[in-house]
Every structure is written in C-alpha cells, then in structure tokens.
Amino acid sequence: MSKIEVRSVTKTGQSTTYQILLGPSHVVSRRYRDFEELHDFLIKKYSQSGLQVPHLPEKKAGINKTTSTEKNRSQLEVYVNQLLFHPHFVKEPELLKFFEIKPVAEGA
C-alpha cells in the first residue's frame, strides 16, 4: 500500500470535509468528527493492552482559516498513515470500515 493522501478539503458553512485518497479510484470523505470517533474507539479498545494509538491532532481554528485548514489536513494525513502502516491497526475492522475497505479473507 502506498502513502495515503488527505487531498482536498471542502468547506460547507461551519463544517469541513476531508477527501482521503486511498488509491487511484478509492476516495472517502470524512469530517473531523469522524476522525475523533475512530480515535476514541481505538483508545477504548487498545488502552488496556498497552498498544500506543497514534496521537490525533487537535482541530485547529484560527484567524487565517486557510492556514488552519491546511495544517489540519496535513496533520490528519500523517495520522491516517500512522494507523494504516501500523501492523496491528491495519487489521482493525473499524479502521477498514472508516476507509470503506473490504477485509481480505485469511489465506486469500
């Protein structure tokens, strides 16, 4: 799997949607709240096992909205790559669901 890109950002009113490019024809749209829900799930599931969940960057809002949005986009791109290239998290069903990836059967 090559690096995942959080490519574009769409703003509608107060909400921002991030377009995540997972391959040439696989794009999913997620809001920051979706990243938070995934992160909270991972923390709850793995905190007792000692497995370190990558840090979810804080949502930045500043006077210069373009700079804040770009910073959020680039930090979320690092976050998703840390998850997808981690040998344990890449197999997590909730992560696959987040990215709309169908799990591959064992031995296939």
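Scroll up to find the structure.
What counts and how
Think of each chain on its own: its residues are numbered from 1, step by step along the sequence as written. Since the coordinates come from a predicted model, pLDDT governs what is reported: local features require at least 70, and pairs of side-chain atoms require 80 or more to be given and counted, while whole-chain, interface and lining totals use all residues. Note: side-chain values were computed over all heavy atoms of the structure, leaving out hydrogens and water. Should DSSP find at least two bridges between two strands, the strands are taken to pair. Helix numbering and strand numbering both begin at the N terminus, where a helix is a DSSP run of H or I of at least 4 residues and a strand a DSSP run of E of at least 2. All axes here are fitted lines through C-alpha atoms, helices being fitted over the stretch that makes contact, and every angle between N-to-C directions spans 0 to 180 degrees. We call two residues in contact whenever any of their non-hydrogen atoms come within 4.5 Å of each other. The term polar contact refers here to a pair of N or O atoms within 3.5 Å; inside protein, the definition further demands a hydrogen-donor-capable atom paired with an acceptor-capable atom, and it admits residues adjacent in sequence only when both atoms are side-chain atoms. The patches reported here contain residues having more than 30% relative accessible area and no salt bridge. Joining distances are 9 Å for like charges and 5 Å for nonpolar side chains (Val, Leu, Ile, Met, Phe, Trp, Tyr). Only the protein chains shown count as covering a residue, and every accessible area follows the Shrake-Rupley method with a 1.4 Å probe. By convention in these notes, a salt bridge is any Lys or Arg side-chain nitrogen within 4 Å of a carboxyl oxygen on Asp or Glu. In this tally, Asp and Glu contribute negative charge and Lys and Arg positive charge; neither His nor the terminal groups of the chain are included. Charge placement uses NZ in Lys and CZ in Arg. For Asp and Glu, CG and CD serve respectively. Any residue under 20% of the maximum accessible area for its type is buried, any over 50% is exposed, and the rest in between are partly exposed; the area is computed with a 1.4 Å probe on protein chains only.

*Asks:* What should I look at first to understand the pairing of strand β1 (residues 5–12) in this one?
*Replies:* In summary, the side chains of a regular strand alternate between the two faces of the sheet. Sheet topology places β1 next to strand β2 (residues 15–23); seven bridges connect them, and they run antiparallel. Considered in β2, the bridge of Glu 5 is made with Leu 21. Hairpin remark: β1 followed by β2, antiparallel, with two residues in the connecting loop; positive phi at Gly 13, about 60°.

*Asks:* Would you mind showing me how to read the sheet that holds strand β3 (residues 26–31) here?
*Replies:* Sheet strands associate in pairs through backbone hydrogen bonding, adopting either a parallel or an antiparallel arrangement. Read across the open sheet, the three strands follow the order β1-β2-β3; overall the sheet is antiparallel. The sheet terminates laterally at β1 and β3, the two strands that pair on one side only. Ignoring which end each strand starts from, the neighbouring axes of this sheet average 25° apart. Relative to β3, β2 is paired through six bridges, and the arrangement is antiparallel. Of the residues in β3, the one forming a bridge with Tyr 18 is Arg 30.

*Asks:* Looking at this structure, I do not really get the environment of Thr 16. What am I missing?
*Replies:* The topology assignment puts Thr 16 in strand β2. Taking the C-alpha atoms as reference, Thr 16 lies 9.7 Å from Arg 33; in sequence the two are 17 residues apart. The residues touching Thr 16, leaving out its near neighbours within four places in the chain, are Val 9, Thr 10, Lys 11, Arg 30, Arg 31, Tyr 32 and Thr 69. Only 2.9 Å separates the side chain of Thr 16 from the side chain of Lys 11, close enough to count as a polar contact.

*Asks:* I tried to follow a positive patch on the surface on my own but got confused; where do I start?
*Replies:* A grouping of Lys 11, Arg 31, Arg 33 and Lys 59 is seen on the molecular surface, where their side chains present a positively charged patch. Mapped onto the elements of the fold, Lys 59 is located in the loop between α1 (32–46) and α2 (65–84). Accessibility expressed as a relative area gives 53% for Lys 59, which makes it exposed.

Function-wise, these values are silent; they only describe arrangement.
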